[in-house]
Amino acid sequence: MGPKKIAVINNKGGVGKSTTSVQLAHGLAKLDFNVLLIDLDGQNDSSLFLGFTEKDYENTFFDLMDPRYPAKLSECIINARENLDLLPNDNIEKINSELHRNSRIDIIMEEILSDLEDMDYDFVMFDCGPQRTKVNDAVLCYIDHIIMPVQVESASVRAVGNIYEYLDELRLSSDLITLIIPNMFDARTNESKANLELLKDIFSDEPDILTEPINRRVKITEAGRAGKTVFEYDEEAADQFFKVLKRVVEKIV
Ligand SMILES: Nc1ncnc2c1ncn2[C@@H]1O[C@H](COP(=O)(O)OP(=O)(O)O)[C@@H](O)[C@H]1O
Ligand SMILES: [Mg+2]
């Protein structure tokens, strides 16, 4: 059947895409699913949040794209945690320009990741960069599910429709949008509460799509800086992601 393929995407930066990717990927791994996290953001944040820097990897995503000697996927992944592998990238611009040369953006990711067929991952999760890029086009054409973290803040909530436009331009169905995660919620401020309500209003026709909010917690930032996941760092933060994780499993497995 092949792995479930998920993109964590939002065309705003700093809303929690890398954080969400890492926590959900490790959470699924802890539930005994085999997970591959693919870091396709130029800042390598998800690799960093798992504690890996450039010196830890030799081969990266780009090596899979070498036209003459494509590397094997198994040569490019790092085992990050039990049941969790990481495919890092070292230069998103190079990947983008290579994709610009390719006319079949709709099938290119299938080709690049063809080795996945013979590997037994249950989930493949992409941490995406914020802009509309060829990389993101290729990811969106490949995946079956979108998980979108949205910062509970007015500009981000108002920009929530951008993903629908993006999918429309790629002639992809908005049904791909599986879960929207309100992130950095602060129950102490009225502004945060008002923006969460606004988000609920926007999705009142499909309440099933919104998860419970993830609160803003210093521990979450600290965990990332320390190269640890919330499951290794702070129980309260871990519980918050665990609630979201349950929704992922309910909707996607
Ligand atoms: N719920 C949260 N509480 C506190 N800090 C958070 C939370 N979610 C994300 N962060 C922090 O905010 C910053 C941006 O998050 P990140 O996941 O890198 O966003 P993106 O990938 O969308 O650019 C990081 O420093 C991260 O640790
Ligand atoms: Mg990121």
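Before any of the text, the structure's been laid out above.
Because the structure is predicted, anything quoted here is derived from the model rather than measured.

K.L.:
I'm lost on the coordination of the magnesium ion (ligand 2) in this one. Help?
P.N.:
Tetrahedral coordination by four donors places them ideally at 109.5 degrees to one another around the metal; octahedral coordination by six donors ideally gives 90 or 180 degrees. For the magnesium ion (ligand 2), the full set of protein donor atoms is Ser-18 (OG) and Asp-41 (OD), at a range of 2.1 to 2.8 Å. With Ser-18 in helix 1 (residues 17–30) and Asp-41 in the loop between strand 2 (35–40) and helix 2 (45–49), this residue pair connects regions lying 23 residues apart in the sequence. The same class applies to Ser-18 and to Asp-41, which are both buried.

K.L.:
Looking at this structure, I do not really get the sheet that holds strand 7 (residues 177–183). What am I missing?
P.N.:
Backbone-to-backbone hydrogen bonds pair the strands of a sheet. The strands run either parallel or antiparallel. If you walk across this open sheet you meet the seven strands as 3-4-2-5-1-6-7, and the pairing is mixed. Each having just a single partner strand, strand 3 (78–81) and strand 7 make up the two edges of the open sheet. If you compare each strand with its neighbour and ignore which way they point, the axes differ by 25° on average. In the sheet, strand 2 pairs with strand 5 (residues 123–128) via six bridges, with the strands oriented parallel. Residue pairing across strands places Val-35 opposite Phe-123, the latter belonging to strand 5. Seen against the sheet, helix 6 (residues 134–142) touches strand 1 (4–8), strand 2, strand 5 and strand 6 (145–151) and runs at an angle of roughly 155° to strand 5.

K.L.:
Help me understand helix 6 in this model?
P.N.:
Working note: α-helix, 3.6 residues per turn, so residues spaced by three or four point in the same direction. Of all nine residues making up helix 6, seven are buried, and the element is well covered by its neighbours. By the burial criterion, the buried members of helix 6 are Val-135, Asn-136, Asp-137, Ala-138, Val-139, Leu-140 and Tyr-142.

K.L.:
Help me understand a negative patch on the surface in this model?
P.N.:
A cluster of acidic residues, Glu-110, Glu-111, Glu-117 and Asp-118, forms a negative patch at the surface. You can see Glu-117 is positioned in the loop between helix 5 (108–112) and strand 5. Taking relative accessible area as the criterion, Glu-117 reaches 66% and is therefore assigned exposed.

K.L.:
I tried to follow the packing of helix 1 against helix 12 (residues 235–252) on my own but got confused; where do I start?
P.N.:
Between helix 1 and helix 12, whose axes approach to 10 Å, the crossing angle comes to 70°. When the axis of helix 1 is compared with that of helix 12, the two are roughly perpendicular. Contacts between helix 1 and helix 12 involve Thr-19, Thr-20, Gln-23, Leu-24, Gly-27 and Leu-28 from the first element and Phe-241, Val-244, Leu-245, Val-248 and Val-249 from the second.

K.L.:
Could you clarify how one ought to interpret the packing of helix 4 (residues 92–100) against helix 6 in this entry?
P.N.:
Packed helices, taken two at a time, are described by their axes: the angle between them and the distance between them. Relative to each other, helix 4 and helix 6 sit at 70°, their axes nearing to 8 Å. Accordingly, the angle class assigned to the pair helix 4 and helix 6 is roughly perpendicular. Residue-level contacts link Ile-92, Ile-95, Asn-96, Leu-99 and His-100 of helix 4 to Lys-134, Val-135 and Ala-138 of helix 6.

K.L.:
Honestly, the pairing of strand 5 in this entry has me stumped. Any pointers?
P.N.:
For a regular strand, side chains alternate in direction, first toward one face of the sheet and then toward the other. Most of strand 5 is tucked away: six of the six residues are buried. Burial of the side chains of strand 5 extends over both faces: Phe-123, Met-125 and Asp-127 are buried on one face and Val-124, Phe-126 and Cys-128 on the other. Pairing between strand 1 and strand 5: five bridges, direction parallel. Residue pairing for strand 5: Ala-7 is matched across the bridge by Phe-126.

Criteria and thresholds
- Residues numbered from 1 in each chain as written.
- Chains lettered and ligands numbered in written order.
- Predicted model: local features only at pLDDT ≥ 70, side-chain atom pairs only at ≥ 80, totals over all residues.
- Heavy atoms only, no water.
- Donors = N, O, S within 2.8 Å, 3.2 Å for Na, K, Ca; no water.
- Helix = DSSP H or I, 4+ residues; strand = E, 2+ residues; numbered from the N terminus.
- Buried < 20%, exposed > 50% of the residue type's maximum accessible area, 1.4 Å probe, protein only.
- Pairing = 2+ DSSP bridges.
- Axes fitted to C-alpha atoms, helices over the stretch in contact; angles between N-to-C directions.
- Contact = heavy atoms within 4.5 Å.
- Patch = residues over 30% accessible without salt bridge, like charges linked within 9 Å, V, L, I, M, F, W, Y side chains within 5 Å.
- Areas by Shrake-Rupley, 256 points an atom, 1.4 Å probe, with all protein chains shown as cover.
- Salt bridge = Lys/Arg side-chain N within 4 Å of Asp/Glu carboxyl O.
- Lys, Arg positive; Asp, Glu negative; His and termini not counted.
- Charge placed at Lys NZ, Arg CZ, Asp CG, Glu CD.
- Parallel < 35°, antiparallel > 145°, perpendicular 65-115°, else oblique.

These values are about where atoms sit, not about what they do.
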